[in-house]
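An overview of the molecular structure
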Amino acid sequence: MISLLGTFRIPLMTFVYLTCGLGGILGDQFDSAELMAQDSAGGEHDADTVDAARDERMAWWRQARFGMFVHWGVYSTTGGEYNGQKLPNSAEWMMNKGRIPIAEYEKYAAGFNPAKFDAAEFVGLAKLAGMKYLVITAKHHDGFSMFGSTASDYNVVDATPFKRDIMKELSVECQKQGIRLGFYYSQAQDWHHPGGMGNSWDKDLKKVSNDEYVLGKAVPEVKQLLTEYGPIGIFWWDTPRAMSRESFNALHSLTKLQPSVITNDRLGDDFPGDYKTFERKIPPNGPAGKDWEVCMPISGSWGYKKGDNDFKSTSTLIRNLADIASKGGNYLLNVSPTGDGTLLPPATERLKEIGKWMAINGDSIYETSASPLQALDWGRCTSKKIDGGTRLYLHVFDWPKDGRLVVPGLKNDVRKASLLASGAELQGRVTDGGIELSVPADGPDAVNSVIVLDVDGALEIEAQWPSVDAKGSLVLAADAAYLHNNEGSKQADIRHHDDIPHVGYWLDAQAWVEWTANIDKPGRYEVVATLSVDAEKTQFDISVGNRHLSATAVGTGGYGKYVEQSLGAIDVDQVGELSIKCKPIADSWNPMNLRSITLKRTESAE
Ligand code: FHN
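Residue numbers run consecutively from 1 along every chain, following the written order of its sequence. Per-residue local features are limited, in this predicted model, to residues with pLDDT of at least 70; the limit for side-chain atom pairs, both in listing and counting, is 80 or more; totals at the level of whole chains, interfaces and linings are taken over all residues. Water and hydrogen atoms were dropped before computing side-chain values, which therefore reflect all heavy atoms in the structure.

A closer look at helix H9 (residues 210–227)
The line we're drawing: A helix here means a DSSP run of H or I that spans at least four residues, while a strand means a run of E at least two residues long, and both kinds are numbered starting from the N terminus. A helix is expected to span 1.5 Å for every residue after the first. Fitting one axis to the seven residues ending at a residue and another to the seven starting there, the bend at that residue is the angle between the two axes. Note on exposure labels: buried denotes an accessible area under 20% of the residue type's maximum, exposed denotes more than 50%, and partly exposed covers the range between, all computed with a 1.4 Å probe on protein chains only. Every residue pair with non-hydrogen atoms within 4.5 Å of one another is taken to be in contact.
Here H9 is 18 residues long and its end C-alpha atoms lie 24 Å apart, about the 26 Å a rise of 1.5 Å per residue gives. Largest kink in H9: about 30°, centred on Ala218, with the proline Pro220 one to four residues after it. All buried positions along H9 are accounted for by Asn210, Tyr213, Val214, Lys217, Ala218, Val219, Glu221, Val222, Gln224, Leu225 and Leu226. Those residues of H9 that are buried lie in contact with strand E2 (133–139), strand E3 (180–185), strand E4 (234–237) and helix H10 (245–253).

Quick notes on the packing of aromatic side chains
Short version of the rule: Two rings belonging to Phe, Tyr or Trp (six-membered ring only in the last case) form a pair when the distance between their centres is within 6.5 Å. Interplanar angles under 30 degrees mark stacking, angles over 60 mark edge-to-face geometry, and anything in between is tilted.
Within the structure shown, the criterion is met by 24 aromatic pairs. Between the aromatic rings of Phe66 and Tyr331, the centroid separation amounts to 6.0 Å while the plane-to-plane angle is 15°, which identifies the pairing as stacked. With Phe66 in strand E1 (residues 66–70) and Tyr331 in strand E8 (residues 330–335), this pair connects stretches of sequence that are 265 residues apart. By the burial criterion, Phe66 is buried, and Tyr331 matches it. Seen from their ring centres, Trp72 and Phe117 are 5.0 Å apart, and the 50° between their planes marks the pair as tilted. Of this pair, Trp72 sits in the loop between E1 and helix H5 (94–97) while Phe117 sits in the loop between helix H6 (102–110) and helix H7 (119–128), and the two are 45 residues apart along the sequence.

What about empty space enclosed by the protein?
This is how the line gets drawn: Using a 1 Å grid laid over the protein atoms alone, points where a 1.4 Å probe fits but cannot get out form a cavity; open sets with protein on both sides within 12 Å along at least 5 of 7 lines form a pocket; any residue with an atom within 4 Å of a point counts as lining. Grid points are joined across faces, edges and corners, and a volume is the space filled by probe spheres set on the points. As a working rule, the residues Ala, Val, Leu, Ile, Met, Phe, Trp, Tyr, Cys and Pro are called nonpolar, Asp, Glu, Lys and Arg charged, and the rest polar, with Gly in that last group.
The full count for this structure, using the stated rule, is 2 cavities of 30 Å³ or more. Estimated volume of the largest cavity: approximately 70 Å³. Counted by class, the lining of the largest cavity contains 6 nonpolar, 2 polar and 2 charged residues. Approximately 30 Å³ is the volume found for the second largest cavity. Forming the boundary of the second largest cavity are Trp72, Gly73, Val74, Tyr75, Thr137, Lys139, His140, Asp142, Phe144 and Met146. Tallied by class, the residues present in the lining of the second largest cavity amount to 5 nonpolar, 3 polar and 2 charged.

Re the layout of surface pockets
The volume enclosed by the second largest pocket comes to roughly 1100 Å³. Lining of the second largest pocket is provided by 35 residues; of these, Asn285, Gly286, Lys327, Ser371 and Trp465 occupy positions nearest its centre. For the lining of the second largest pocket, the residue count by class is 15 nonpolar, 12 polar and 8 charged.

Let's talk about the side chain of Asp190
Threshold: Pairing of N or O atoms within 3.5 Å defines a polar contact, subject to two protein rules: one partner must be a possible hydrogen donor and the other a possible acceptor, and residues neighboring in sequence count only if both atoms are side-chain atoms.
Inspection of the secondary structure assignment puts Asp190 in the loop between E3 and H9. A distance of 2.9 Å separates the side chain of Asp190 from the side chain of Lys217, its partner in a polar contact. Excluding residues that lie within four positions of it along the chain, Asp190 makes contacts with Lys139, His141, Gly143, Gly196, Met197, Tyr213 and Lys217.

Some points on the sheet that holds E8
Our working rule: One bridge is not enough; two strands pair if DSSP finds at least two bridges between them. Lines are fitted to the C-alpha atoms to define the axes, a helix being fitted only along its stretch in contact, and any angle between axes, read from their N-to-C directions, falls within 0 to 180 degrees.
Strand order in the open sheet formed by 8 strands is E5-E4-E3-E2-E1-E8-E7-E6, with parallel pairing between adjacent strands. Across the chains shown, the open sheet's two edge strands, defined by having one partner strand only, are strand E5 (262–263) and strand E6 (276–279). In this sheet, E2 lies alongside E1 in parallel orientation, the contact comprising 4 bridges. Residue pairing in the sheet places Met68 in a bridge with Leu134 of E2. Against the sheet, helix H8 (residues 166–177) makes contact with E2 and E3, and its axis sits at roughly 155° relative to E3, the strand it touches most.

Thoughts on the site of the ligand
Selection rule: Near residues are defined by distance, with any heavy atom within 4 Å of the molecule or strand qualifying the residue. Reported accessibility uses the Shrake-Rupley method at a 1.4 Å probe radius. Residues are deemed covered only where the shown protein chains occlude them.
Residues in close proximity to the ligand total 15 residues, the closest being His71, Glu92, His141, Asp238 and Glu279. With respect to the ligand, the side chain of Tyr184 contributes an N or O atom lying 3.4 Å from an oxygen atom. In this structure, a nitrogen atom belonging to the ligand sits 2.5 Å away from a side-chain N or O atom of Asp238. Out of a free accessible area of 330 Å², the ligand has 92% covered by protein chains. For the shell around the ligand, the class distribution of residues is 6 nonpolar, 4 polar and 5 charged.

Set out below in structure tokens:
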């Protein structure tokens with residue numbers, strides 16, 4: 001068994017349990033021996049083959065870049081209000097925030113009758129917006145199944161006057177219109193089932209084990225969703241909670257029912273799934289070498305919430321899409337159908353406006369990769385490989401007033417430059433500062449004008465990573481870092497004091513910070529941090545490549561009182577692009593606000 005693990009990327013615990021506990025769970029579907037066979041067949045494959053299988057699964061997703069998220073359920077009938085009472089948080093949490101007993105909440109299900117819902121029109125709107133996939137809440141935390149569940153009669157077919165299987169209708173339309181269908185499924189929280197997590201208020205609930213909920217409801221429902229609703233592109237787990245190995249594996253193993261289904265990183269137990277998810281916010285830098293997606297409501301609430309007029313402007317949404325794609329990620333933009341099954345006009349209008357932009361500029365988003373350039377002050381960049389060179393899509397948010405657009409740090413010869421919208425050619429030349437393009441007085445689009453820049457040969461770019469300067473100093477600013485934090489708990493985030501960014505709100509010792517930087521020479525580097533700490537001290541590990549320093553920062557008299565503190569020295573024996581990490585030492589961590597880490601070379605090892 002262990003030898004297999006040498007070739008697998010499945011965490012040991014999962015792998016071992018995957019083969020031990022499944023026989024009776026999945027019944028006649030397939031037993032652990034069959035699963036093992038699949039996996040043991042994989043056992044002859046090395047990690048590269050496992051990666052190849054994942055690359056094949058992910059190919060369409062990486063090209064898609066843009067999808068629709070849909071939160072729709074019983075909570076949509078009242079806009080998240082309970083007896084006319086406005087509740088905090090997002091509307092789909094109304095049962096929890098309103099401490100609504102199950103018997104009470106079920107009455108809302110009895111009023112769910114979205115008579116205006118038209119799957120063809122709904123999917124058509126996603127398509128018109130330029131979205132390539134659609135992920136919808138098949139079951140959210142309230143436990144209500146938006147499909148004809150055979151494991152629970154608390155579902156849209158059996159428990160509402162609507163009686164139609166919404167997931168089935170969407171499945172048919174998505175296949176017809178060429179949109180990949182994905183299901184959101186709350187695998188741990190279920191406020192209706194006595195074994196589901198999260199219902200702490202319903203005193204009449206006779207609790208049973210979580211395994212009973214998972215194996216009695218979640219597993220059969222997920223199995224049904226993966227076997228009766230056609231090809232499923234994505235299974236979108238949510239709010240991971242600690243559950244038994246048996247339950248975890250029973251859920252995870254179901255994805256073998258559709259081997260091409262993609263899963264996210266929210267099943268739990270640190271299982272990475274196929275891609276990392278960010279929520280509501282766009283990370284300052286995309287996680288290097290990973291697939292990732294930002295999910296974000298088009299307004300404030302995921303589910304339809306009365307009075308939620310906090311719609312993001314179309315300009316913001318288009319620029320978000322370009323920003324995320326420029327970092328190599330996908331944008332999953334959420335809409336919130338109301339109780340009648342339609343979207344509010346501000347949502348529909350925005351989707352149509354995004355669609356107009358995508359109809360002209362979609363090539364600069366679809367099938368693109370992250371920008372190879374350093375940060376651009378006028379916009380973003382996405383890229384594609386072309387024969388003998390690279391195509392750069394320059395997303396110009398701030399069109400230059402002086403007729404000159406400079407692409408900093410780029411030294412390649414210009415093969416061709418043009419406006420994507422019209423094809424009009426532009427003149428470009430290489431200067432000391434990079435490639436300079438002559439552009440017309442006005443760009444083709446007030447929000448995001450795209451220039452196509454084809455350059456010859458392998459990209460010649462000045463260091464895009466922070467690099468050691470002539471004095472031997474390397475400054476790593478907070479907003480140049482990549483924050484490793486998952487949704488859910490209080491996490492590290494980029495915040496500002498006096499308009500200077502810092503990594504703040506760092507309440508979770510599991511969150512950590514990483515930079516990629518260029519080290520030009522080995523040697524001894526003093527590590528200096530600019531930080532503020534309220535507590536007496538805090539401890540964390542700083543690593544530069546393969547070398548570590550256990551650092552202690554002392555209290556600075558409060559958050560917002562920033563002090564430079566020398567943390568010690570590291571003997572660096574590697575050069576080139578190195579990862580530099582700052583990781584809390586959990587049992588002696590106190591939150592700090594970190595503005596920057598500076599490495600100062602004190603001795604050269606050359
Ligand atoms: O609790 C849910 C929330 O209702 C919503 O579904 C979001 C969407 O990503 N996920 C959880 C919060 O992280």
